[in-house]
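Chain by chain, the residues run as shown.
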Amino acid sequence: VALSSKTINTFGGLTSFPRYDRSKISPGILHIGVGNFHRAHMSVYMDSLFNMGLGQDWGIVGAGIQPGDEKMRSNLEKQDWLTTIVELDPSGLSARVTGAMVDFLPVDIEAILVGLTDPRIRIVSMTITEGGYFIDAATGGLDIEHPDIRKDASHPDEPQTLFGMIIRALRVRRERSIPPFTVVSCDNLPGNGHVARQTVVGLARLSDAEFADWIEAEVAFPNCMVDCITPATTARERSIVREQFGIEDTAPVVCEPFHQWVIEDTFPNGRPPLEEVGVEFVSDVTVYELMKLRILNAGHASTCYAAALLGYHFVHDALADEDIREWVRALQIRESIPTLGSIEGVDYSQYLAKVVERFSNPEIGDTIPRNIADGSDRQPKFILPTLRDALDQSGSIDGLALEIALWCRYCTGVMENGDKVIIQDPIADTLTAQAEEAKTHPKAFIEIGTVFGDLVDSQKFVSAFGNWYSKLLENGVRQTLKDYVAMGS
Ligand code: NAD
């Protein structure tokens, strides 16, 4: 049966569906980038809130400016903006239908500008991918040479980019004495609020410095940490929804049962009472981001290079291998967690246990290749800051050096069984050449300056790395992982 407002009550076995009168939900949030993640995350929290009878003046209005958004809009329109969410629980899949979205603006700049100036809209949220913020890769600042940025800077009254539209709408709101909305980026970027602010204020400054100052002073951009693994929807997921739950949904979402949202409580124009449904409001999200980077993301990295070398394809299969699981746990407990400051109410070892449990979920089907691509970009974010802190604190760095040795070993392009793999990385050729040279001169790998910077000057690190790399080459991956684990016993 096709999903719609009329059929919603006919589906048996849903864990949840809108029990509120959707016609009474008024718009309060305009969300840009209605992909899968938004519908698995924010929109689920909002649906739960509405089901409790709370925050019903915070309905979500969707918007998007990409060609693909047109298709999403027309799919969702046919089902009255309802979405089926399938939770990939290893003990059995379950489905719910959410109704927090009450409208989706046409994919049209004028329509979006009208939406952004609606006084009822008090939050503008976005999931537009890490690449959507016009960041200059070299400086980390706004890419002012980008042609779209240049166009919006010279014609601020006819914006083409999403950020140009936000600026234009803020100006109209100021002229009409409508308080500004709060901008909430839910993209997976450390300091996502700072990044969104940098783009909005930076672009405004290119045409009107006084107005840029006003935005900086008046508009809030809270940072947040978001988490819920949400794979892309394919024909397979649509057929699960049809066959297992009897729902014909052209755009369902599948995701893991785990959800986390930690957000800075800076909402001058109000916010929904999301703490009622498990969202954590804090004054500074940095420590939570660090926890995620150093335990979850670093956990993926340390699992996946070892797993690739041992011939695994799926993350859950790798975690079922005791040698890999114990290696990952030992590294985190001995070397990552000690670099993290304490967070009230957070138990890092519980968080780690949950991460291992999530990685072990076979329903997610997350792959090793997805997690090992672009190591030259990921290692400096997920591993090297921990290494620098551990060095500064004179802590143990053996496991971190082994993780880098595993990455180096992987970069040779030949796995333990002799299989050759293509290294997916913008500097793949350099990585492979230096990994080869490191077989006789270990420092060669650490001399890749764009990755390791001044870490090459740490004798302690260079020698630990060389030690592990030669062990990997002589004794193989499995024995070396066992050796590291045994060091603590
Ligand atoms: P998706 O492909 O389903 O949707 C991406 C959305 O972003 C689409 O609506 C698209 O139109 C929009 N978009 C892409 N590039 C854009 C641009 N340059 N300007 C404006 N809009 C743009 O992907 P998703 O799973 O929804 O993930 C989106 C983002 O959410 C991720 O990039 C990440 O930052 C964050 N996130 C995702 C997950 C996950 O597991 N999928 C987990 C945590 C955070």
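Rules and cut-offs
Residues numbered from 1 in each chain as written. Predicted model: local features only at pLDDT ≥ 70, side-chain atom pairs only at ≥ 80, totals over all residues. Heavy atoms only, no water. Helix = DSSP H or I, 4+ residues; strand = E, 2+ residues; numbered from the N terminus. Rg over C-alpha atoms; globule rule 2.2 N^0.38 Å. Buried < 20%, exposed > 50% of the residue type's maximum accessible area, 1.4 Å probe, protein only. Contact = heavy atoms within 4.5 Å. Areas by Shrake-Rupley, 256 points an atom, 1.4 Å probe, with all protein chains shown as cover. Lys, Arg positive; Asp, Glu negative; His and termini not counted. Charge placed at Lys NZ, Arg CZ, Asp CG, Glu CD. Arc of directions from axis to C-beta. Near = heavy atom within 4 Å. Polar contact = N/O pair within 3.5 Å; in protein donor to acceptor, adjacent residues only side chain to side chain. Nonpolar A, V, L, I, M, F, W, Y, C, P; charged D, E, K, R; others polar. Pairing = 2+ DSSP bridges. Axes fitted to C-alpha atoms, helices over the stretch in contact; angles between N-to-C directions. Salt bridge = Lys/Arg side-chain N within 4 Å of Asp/Glu carboxyl O. Core = buried A, V, L, I, M, F, W, Y, C linked by side-chain atoms within 4.5 Å. Domains from an automatic or database assignment. Buried area = accessible area lost by both parts, 1.4 Å probe. Expected span 1.5 Å × (residues − 1). Parallel < 35°, antiparallel > 145°, perpendicular 65-115°, else oblique. Left-handed = near helix turned anticlockwise from the far one by under 90°.

J.: Would you take a moment to explain the overall build of the protein for this structure?
T.: When you go through the protein residue by residue, the secondary structure sums to 22 helices and eleven strands. For the protein, whose C-alpha radius of gyration is 24 Å, the value lies close to the compact-globule estimate of 23 Å for 489 residues. The principal-axis extent of the C-alpha atoms belonging to the protein is close to 70 × 55 × 40 Å. When burial is assessed residue by residue, the protein has 55% of its 489 residues classed as buried. Looking at the protein alone, contacts between residues at least 24 apart form 75% of all its contacts between residues at least 6 apart. Accessible surface for the protein amounts to roughly 20,100 Å². Of this, 50% is attributable to carbon and sulfur atoms. Side-chain charges of the protein comprise 43 positive and 69 negative groups, with the mean position of each set lying 3 Å from the other.

J.: Can you walk me through helix 16 (residues 384-392) in this structure?
T.: Since the α-helix turns once every 3.6 residues, residues separated by three or four places project in the same direction. L384, T386, L387 and A390 are the residues of helix 16 that are buried. An end-on view of helix 16 places all buried positions within 155° of arc, on one side of the element. Tucked inside the fold, the buried residues of helix 16 contact helix 10 (286-309), helix 12 (322-336), helix 15 (375-382), helix 17 (398-411), helix 20 (449-452) and helix 21 (459-475). One or two steps after helix 16, the chain reaches S394, where phi turns positive at roughly 55°.

J.: Looking at this structure, how should I read the site of the ligand?
T.: The environment of the ligand is formed by 19 residues, the closest being F37, D69, E130, D187 and N188. A distance of 3.4 Å is found between an oxygen atom of the ligand and a backbone nitrogen or oxygen belonging to V34. In this structure, an oxygen atom belonging to the ligand sits 2.8 Å away from a side-chain N or O atom of D69. Relative to its unbound accessible surface of 820 Å², the ligand loses 74% to contact with the protein. When the residues that make up the shell around the ligand are grouped by side-chain class, the tally is seven nonpolar, nine polar and three charged.

J.: Got a minute to help me understand the pairing of strand 1 (residues 27-32) in this structure?
T.: Sheet faces and side chains relate simply in a regular strand, where the side chains alternate between the two faces. Among the six residues that make up strand 1, six are buried, leaving the element largely enclosed by the rest of the structure. Relative to strand 2 (residues 59-63), strand 1 is paired through five bridges, and the arrangement is parallel. Paired with P27 across the bridge in strand 2 is G59. When strand 1 meets strand 6 (residues 123-126), the two strands line up parallel, connected through four bridges. By the bridge assignment for strand 6, L30 is matched with V124.

J.: Sorry, what's going on with the sheet that holds strand 8 (residues 224-227) here?
T.: Sheets are built from strands that pair by backbone hydrogen bonding, the pairs being arranged parallel or antiparallel. Pairing is mixed across the open sheet formed by three strands, whose spatial order is 8-10-11. Either end of the sheet is taken by a strand with one partner, and the two such strands are strand 8 and strand 11 (280-282). Across the sheet, the mean angle from the axis of one strand to that of its neighbour is 15°, orientation sign disregarded. By the bridge criterion, three bridges tie strand 10 (residues 260-264) to strand 11 in an arrangement that is parallel. Looking across to strand 11, one finds that V262 is bridged to E280.

J.: For this particular structure, what's the right way to read the pattern of salt bridges?
T.: As a working rule, side chains carrying opposite charge can pair if their charged atoms are close by. Taken as a whole and judged by the stated rule, the model has 28 salt bridges. E210 serves as the salt-bridge partner of R174, at 3.5 Å between the closest nitrogen and oxygen. In this pair, R174 is assigned in helix 6 (residues 162-175) and E210 in helix 8 (residues 209-218), connecting sequence segments 36 residues apart. The salt bridge involving R271 is made with E275; its shortest N-O contact spans 2.8 Å. The class of R271 is partly exposed, set by a relative accessible area of 23%. Since its relative accessible area comes to 40%, E275 is described here as partly exposed.

J.: Would you mind going over the nonpolar core with me for this structure?
T.: Nonpolar side chains tend toward joint burial in soluble globular proteins. If you look at the biggest cluster of nonpolar residues, it comprises 75 residues, and the most contacted ones within it are I404, L406, F445, F452 and F461. It is helix 10 that contributes the most residues to this core, 13 residues altogether. The residues that make up this core include at least three from each of domain 1 (8-282) and domain 2 (286-487). Counting residues in hydrophobic clusters, the runner-up holds 39 residues, among them A63, L105, M165 and F221.

J.: Quick question: what am I supposed to make of the domain arrangement of the protein here?
T.: Interfaces are often described in size by the accessible area the parts lose on coming together. Considered domain by domain, the protein is made up of domain 1 (8-282) and domain 2 (286-487). Residue-level contacts link 23 residues of domain 1 with 13 residues of domain 2. Contact with domain 2 buries area across many residues of domain 1, yet M225, I229 and F258 alone supply 31% of it, more than any other trio. At the boundary of domain 1 with domain 2, the tally comes to two salt bridges. E256 serves as the salt-bridge partner of R358, at 2.5 Å between the closest nitrogen and oxygen.

J.: Could you clarify how one ought to interpret helix 17 in this entry?
T.: A rise of 1.5 Å per residue sets the reference length of helix 17, with its 14 residues, at 20 Å; its end C-alpha atoms lie 20 Å apart and thus fit the reference within 8%. With respect to burial, helix 17 is a largely interior element, 13 of its 14 residues being buried. Just downstream of helix 17 lies G413, where phi reads positive at about 85°.

J.: It is not clear to me how the packing of helix 5 (residues 147-154) against helix 7 (residues 192-207) should be interpreted in this structure. Could you clarify?
T.: Helix-helix packing: each pair is described by the crossing angle between the helix axes and the interaxial distance. Viewed as axis vectors pointing N to C, helix 5 and helix 7 meet at an angle of 50°, and their least axial separation amounts to 8 Å. With respect to helix 7, the element helix 5 is oriented oblique. In this structure, helix 5 crosses over helix 7, and the sense of that crossing is right-handed. Along the contact surface, helix 5 presents I149, D152 and A153, while helix 7 presents L203, L206 and S207. Of the residues assigned to the contact of helix 5 with helix 7, the class counts are four nonpolar, one polar and one charged.

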